[in-house]
Amino acid sequence: MAKSALREIGEKLVAPAKGILAADESSSTIKRRFDAIGVESTEANRRNYREMLFTAKNMSQYISGVILYDETIKQNGASGTPLTKGLKDQNVIIGIKVDGGLKPMPGSAVEQYSEGLDGLPDRLAQYSKLGAQFTKFRVVFTVGAGTPTDRCIEENARTLARYATLSQAAGLVPMVEPEVLMDGSHSVQECQDATKRVLSEVFYRLVRDGADLGGLLLKTNMVLSGSEAKNRAVSREVGERTIQTFLDTVPASVPGILFLSGGQGDDEATVNLNACVNEANKAHAPWQVSFSYGRGLQAAPQKAWRGLEANKEAAQAAFLERSRLTSLARQGKLPR
Ligand code: 13P
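The following paragraphs examine the structure supplied in this document.

**Thoughts on unusual backbone geometry**
Phase 1: Following Thr 147, the chain continues into Pro 148 via a peptide bond in cis, with omega recorded as 0°.
Phase 2: Looking at the element boundaries, Pro 148 is found in the loop between strand 6 (134–141) and helix 7 (150–169).
Phase 3: In this structure, Ala 17 takes a positive phi of about 75° despite not being glycine.
Phase 4: Residue placement: Ala 17 occurs in the loop between helix 1 (5–13) and strand 1 (19–22).

Following this line, the structure appears as structure tokens:
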């Protein structure tokens with residue numbers, strides 16, 4: 001059977017040794033990141049920061065694609081050329097965040113749903129014209145007393161399935177992102193149970209809605225202990241539980257699974273990725289296992305940059321070094 005165009009793009013995004021840079025922070029999220037380094041979140045500063053990342057030389061050794069935010073995909077660099085040009089010049093595939101952010105789930109004190117389906121076909125057509133080849137839509141789940149609820153899982157899974165089929169209809173590879181949040185003191189077992197319930201519902205809905213599973217990617221969390229748990233699971237256990245959960249729930253026709261870093265420390269994010277890849281190899285898993293990191297690739301360059309043009313090269317070097325280490329982990333070759 002001929003490979004679909006969507007599958008071809010999906011496979012390029014999870015090419016050996018490569019993964020994705022998630023640089024799609026919303027205006028409020030990038031403001032929080034900039035606040036932490038004492039930089040004002042102006043349009044010019046956001047542009048300078050992202051231009052610094054996208055023009056880092058030879059990033060395509062490690063990075064197959066970059067996820068952008070609405071402002072960025074339409075933004076010009078300091079010299080007046082579109083920011084996307086630096087990426088295209090390096091053969092980096094352009095992606096775009098299309099969810100509209102998190103909103104409190106009516107009737108729930110803690111759970112959230114994601115906006116973004118309204119008007120989506122028109123936005124997809126516009127992003128395709130601007131050069132995007134893949135899209136991302138994120139929903140989240142909290143692990144706690146009585147959560148995630150079946151209602152939250154069903155509602156968010158339905159949203160992801162609708163989004164995925166609309167994205168595919170527009171010729172854009174959907175990166176379906178259900179994230180079980182790390183916040184809290186829950187055990188690794190509780191994270192595994194929640195992740196399993198979420199992923200099985202998401203794929204049930206994708207299949208029912210007729211999504212082409214070979215032409216989409218899954219972006220999701222590793223199975224981790226809560227960030228405030230007393231005895232946090234070590235990387236080997238994280239790898240075993242994560243890959244077992246995927247084997248139980250993710251169909252073999254999906255080309256790749258990419259992790260978000262989700263607030264793990266830089267080293268934690270690479271060591272755990274390395275363990276997951278090794279477990280996937282051991283199990284002869286049918287899908288590629290890779291990364292789509294935001295914080296895991298950007299915390300170091302943000303600290304080095306601090307809003308100053310004079311720090312640009314040091315920040316690019318920090319970004320490339322995190323990318324190199326994450327790429328090693330993506331191959332299961334991280335030095336111990
Ligand atoms: P983190 O790697 O910082 O979790 O961000 C990835 C992402 O795109 C979340 O939607």
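Here the narrative resumes, following the displayed structure.
**Quick notes on the site of the ligand**
Phase 1: Looking at the ligand, there are 13 residues lining it, with Lys 136, Lys 219, Ser 261, Gly 262 and Arg 295 nearest.
Phase 2: Separating an oxygen atom of the ligand from a side-chain N or O atom of Lys 136 is a distance of 2.5 Å.
Phase 3: With respect to the ligand, the side chain of Arg 295 contributes an N or O atom lying 2.7 Å from an oxygen atom.
Phase 4: Across the complex, the protein chains shield 91% of the 300 Å² of accessible surface that the ligand would expose by itself.
Phase 5: Mapped by element, the contributors of at least two residues to the shell around the ligand are strand 6 and strand 10 (288–293).

**Quick look at the sheet that holds strand 7 (residues 173–180)**
Phase 1: Pairing is parallel around the closed barrel formed by eight strands, whose spatial order is 1-2-3-6-7-8-9-10. Strand after strand, the sheet turns through a mean of 25° between neighbouring axes, direction not considered.
Phase 2: In this sheet, strand 10 lies alongside strand 9 (residues 256–259) in parallel orientation, the contact comprising four bridges. For Gly 256, the partnering residue across the bridge sits in strand 10 and is Gln 288.

**Some remarks on the packing of aromatic side chains**
Phase 1: Per the counting criterion, the structure on display carries seven aromatic pairs.
Phase 2: Their ring planes at 85° and their centres at 6.0 Å tell us that Phe 246 and Trp 287 sit as a pair that is edge-to-face. Placement of the pair is Phe 246 in helix 9 (residues 235–249) and Trp 287 in the loop between helix 10 (266–282) and strand 10, with a sequence separation of 41 residues.
Phase 3: Owing to a relative accessible area of 4%, Trp 287 belongs among the buried residues under this scheme.
Phase 4: Centroid distance Phe 291 to Tyr 293: 5.7 Å. Interplanar angle 55°. Geometry classified as tilted. Comparing Phe 291 with Tyr 293 shows no difference in burial state: the two are buried.
Phase 5: By the ring-pair criterion, three or more aromatic residues cluster together here, those being Phe 34, Tyr 49 and Trp 305.

**Describing helix 7**
Phase 1: Between its terminal C-alpha atoms helix 7 stretches 29 Å, which fits the 28 Å expected from 20 residues at 1.5 Å a residue.
Phase 2: Listing the buried residues of helix 7 in full gives Cys 152, Ile 153, Asn 156, Ala 157, Thr 159, Leu 160, Ala 161, Tyr 163, Ala 164, Ser 167 and Gln 168.
Phase 3: Check the buried side of helix 7 and you find it contacts helix 1, strand 5 (112–114), helix 6 (120–129), strand 6, strand 7 and helix 8 (188–208).
Phase 4: Backbone geometry just after helix 7 places Gly 171 at a positive phi near 80°.

Cut-offs and rules
Residues numbered from 1 in each chain as written. Predicted model: local features only at pLDDT ≥ 70, side-chain atom pairs only at ≥ 80, totals over all residues. Heavy atoms only, no water. Helix = DSSP H or I, 4+ residues; strand = E, 2+ residues; numbered from the N terminus. Near = heavy atom within 4 Å. Polar contact = N/O pair within 3.5 Å; in protein donor to acceptor, adjacent residues only side chain to side chain. Areas by Shrake-Rupley, 256 points an atom, 1.4 Å probe, with all protein chains shown as cover. Pairing = 2+ DSSP bridges. Axes fitted to C-alpha atoms, helices over the stretch in contact; angles between N-to-C directions. Phe/Tyr/Trp six-rings, centres within 6.5 Å; stacked < 30°, edge-to-face > 60°. Buried < 20%, exposed > 50% of the residue type's maximum accessible area, 1.4 Å probe, protein only. Expected span 1.5 Å × (residues − 1). Contact = heavy atoms within 4.5 Å.

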